[in-house]
Amino acid sequence: MNSDKIIISPSLLSCDFARLKDEIEAVEKAGADWLHVDVMDGHFVDNITIGAPIVAAIKKYSTVPLDVHLMISRPERYVESFVAAGSDILTFHIEADFNPGWVVDRILKAAQKHGREVQIGISLNPDTPAANLREVIDLLDMVLVMTVYPGFGGQQFIERAVDKIDDILALSNRVLVQVDGGITSENIHIPAIKGATSFVAGTAVFKTPDYAKAISDLRENARAAFGGGNVV
Ligand code: DX5
Ligand code: ZN
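The sections below set out a description of the structure shown in this document. (Residues numbered from 1 in each chain as written. Chains lettered and ligands numbered in written order. Predicted model: local features only at pLDDT ≥ 70, side-chain atom pairs only at ≥ 80, totals over all residues. Heavy atoms only, no water.)

What about the overall build of the protein?
The number of helices and strands found in the protein is 8 helices and 8 strands. For the protein, whose C-alpha radius of gyration is 16 Å, the value lies close to the compact-globule estimate of 17 Å for 232 residues. C-alpha atoms of the protein, sized along the principal axes, occupy 40 × 40 × 35 Å. Split into buried and exposed, the 232 residues of the protein put 55% on the buried side. Of the contacts formed within the protein by residues at least 6 apart in sequence, a portion of 68% connects residues at least 24 apart. For the protein, the computed accessible surface area is about 10000 Å², with 51% contributed by carbon and sulfur atoms. Side chains of the protein carry 21 positive and 31 negative charges; the gap between the two charge centres is 4 Å. (Helix = DSSP H or I, 4+ residues; strand = E, 2+ residues; numbered from the N terminus. Rg over C-alpha atoms; globule rule 2.2 N^0.38 Å. Buried < 20%, exposed > 50% of the residue type's maximum accessible area, 1.4 Å probe, protein only. Contact = heavy atoms within 4.5 Å. Areas by Shrake-Rupley, 256 points an atom, 1.4 Å probe, with all protein chains shown as cover. Lys, Arg positive; Asp, Glu negative; His and termini not counted. Charge placed at Lys NZ, Arg CZ, Asp CG, Glu CD.)

Dropping the structure here:
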């Protein structure tokens, strides 16, 4: 899944949920490559957001891939419902289960059962080293590097968290690296220089008056960090 394309994935967590359908349409029209959906359970993180029925509702009105980020305990119990709801990229946290390979297996089986293609991601909290991925990295399409402690939108970018991108790409040259948390057009070059190609942004898109400008500023600044020529 390694990509030479910059992927901007606006996080719906910062949208106006009362106008969800309009927000989906607006952000897609503004150039969103993926839609990032933050699922929180009040246990793995101190916040509760949305579940599989809402993901299925979002799927009805979206035309770009749904990038579903599970911040939940015991993800193996729930991955099938999120596959069935229409997740195109399904990411869970390595800190949430002792058997990440088992969770991957469950996602693959659910994808087969529901006749869907699902890309699989694992997320690392800011203090979790890339080495924890060693046993499972070959099973993955994407690694999500958290640049805030998960749980809430609008937090401050943690720069030191991007250092591990070097280690991730040393373990695998085919995984796509995504970063999530506090990303703005002012700091997006920091993970981009390291080799991240997928960028989640909640506040930096939905809390601005012009989504198209916000997305194109993010994309341009990420692209420039690569030296201009290597990515599209
Ligand atoms: C944080 C979530 C993020 C969040 C990003 O736990 O995983 O996806 O919505 O929001 P910003 O871009 O505002 O940090
Ligand atoms: Zn997220």
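Once you've had a look at it, read on.
Let's talk about the sheet that holds strand E4 (residues 89-93)
If you trace the 8 strands from one edge of the open sheet to the other, you get E1-E8-E7-E6-E5-E4-E3-E2, paired in parallel fashion. Looking along the sheet, the strands with just one partner apiece sit at the ends: strand E1 (7-10) and strand E2 (35-40). On average, each strand axis in the sheet is inclined to that of its neighbour by 20 degrees, with strand direction left out of account. One ladder, built from 6 bridges, connects E2 with strand E3 (residues 66-71); its direction is parallel. When the sheet's bridge partners are listed, histidine 36 is paired in E3 with aspartate 67. This element, helix H4 (residues 100-114), spans E4 and strand E5 (119-124) of the sheet and lies at about 160 degrees to E4. Set on the sheet, helix H8 (residues 211-225) makes contact with E1 and strand E8 (198-201); between it and E1 the angle comes to about 145 degrees. (Pairing = 2+ DSSP bridges. Axes fitted to C-alpha atoms, helices over the stretch in contact; angles between N-to-C directions.)

Overview of the packing of helix H1 (residues 20-29) against helix H2 (residues 52-61)
Packing of H1 against H2 brings their axes to within 10 Å, and their N-to-C directions diverge by 50 degrees. The angle between the axes of H1 and H2 places the two elements in the oblique class. H1 and H2 meet at a crossing whose hand is right-handed. Facing H1, whose interface residues are Leu20, Lys21, Ile24 and Glu28, H2 presents Ile54, Ile58 and Tyr61. Looking at side-chain class alone, the contact of H1 with H2 contains 5 nonpolar, no polar and 2 charged residues. (Parallel < 35°, antiparallel > 145°, perpendicular 65-115°, else oblique. Left-handed = near helix turned anticlockwise from the far one by under 90°. Nonpolar A, V, L, I, M, F, W, Y, C, P; charged D, E, K, R; others polar.)

Observations regarding the coordination of the zinc ion (ligand 2)
Donor atoms from the polypeptide that coordinate the zinc ion (ligand 2) comprise His36 (NE2), Asp38 (OD), His69 (ND1) and Asp180 (OD), at 2.1 to 2.3 Å from the metal. Viewed at the metal, the 6 donor atoms of the zinc ion (ligand 2) are separated by angles of 71 to 170 degrees, and the geometry they form is octahedral. A residue is classified by how much of its surface remains accessible, and aspartate 180, at 9% relative accessible area, is buried. (Donors = N, O, S within 2.8 Å, 3.2 Å for Na, K, Ca; no water. Tetrahedral: all angles 85-135°; square planar, octahedral: opposite > 155°, others 65-115°.)

As for the site of ligand 1
If you check the shell around ligand 1, you find 20 residues, and the closest are Asp38, Asp180, Gly182, Gly202 and Thr203. Measuring from an oxygen atom of ligand 1, one finds a side-chain N or O atom of serine 11 at 2.9 Å. Backbone polar atom of glycine 151 to an oxygen atom of ligand 1: 2.8 Å apart, as the coordinates give it. When ligand 1 sits alone it has 380 Å² of accessible area, and the protein chains cover 99% of it. (Near = heavy atom within 4 Å. Polar contact = N/O pair within 3.5 Å; in protein donor to acceptor, adjacent residues only side chain to side chain.)

As for empty space enclosed by the protein
In the structure shown here, the tally under the stated rule is 1 cavity of 30 Å³ or more. The computed volume of the largest cavity comes to approximately 40 Å³. As for the largest cavity, its lining consists of Leu12, Leu13, Phe17, His36, Val37, Asp38 and Ile50. Grouping the constituent residues of the lining of the largest cavity by class yields 5 nonpolar, 1 polar and 1 charged. (1 Å grid on protein atoms, 1.4 Å probe; cavity = no way out; pocket = protein on both sides within 12 Å on 5 of 7 lines; lining within 4 Å. Points joined across faces, edges and corners; volume = space filled by probe spheres on them.)

Some remarks on H2
All buried positions along H2 are accounted for by Ala52, Val55 and Ile58. Axial view of H2: buried residues confined to an arc of 110 degrees, hence all on one face. Turned more than 90 degrees off the buried face of H2, the exposed positions are Pro53 and Lys60. Where the residues of H2 are buried, they touch H1, E2, E3 and helix H3 (79-84). (Arc of directions from axis to C-beta.)

Any functional reading would require information beyond the geometric quantities listed.
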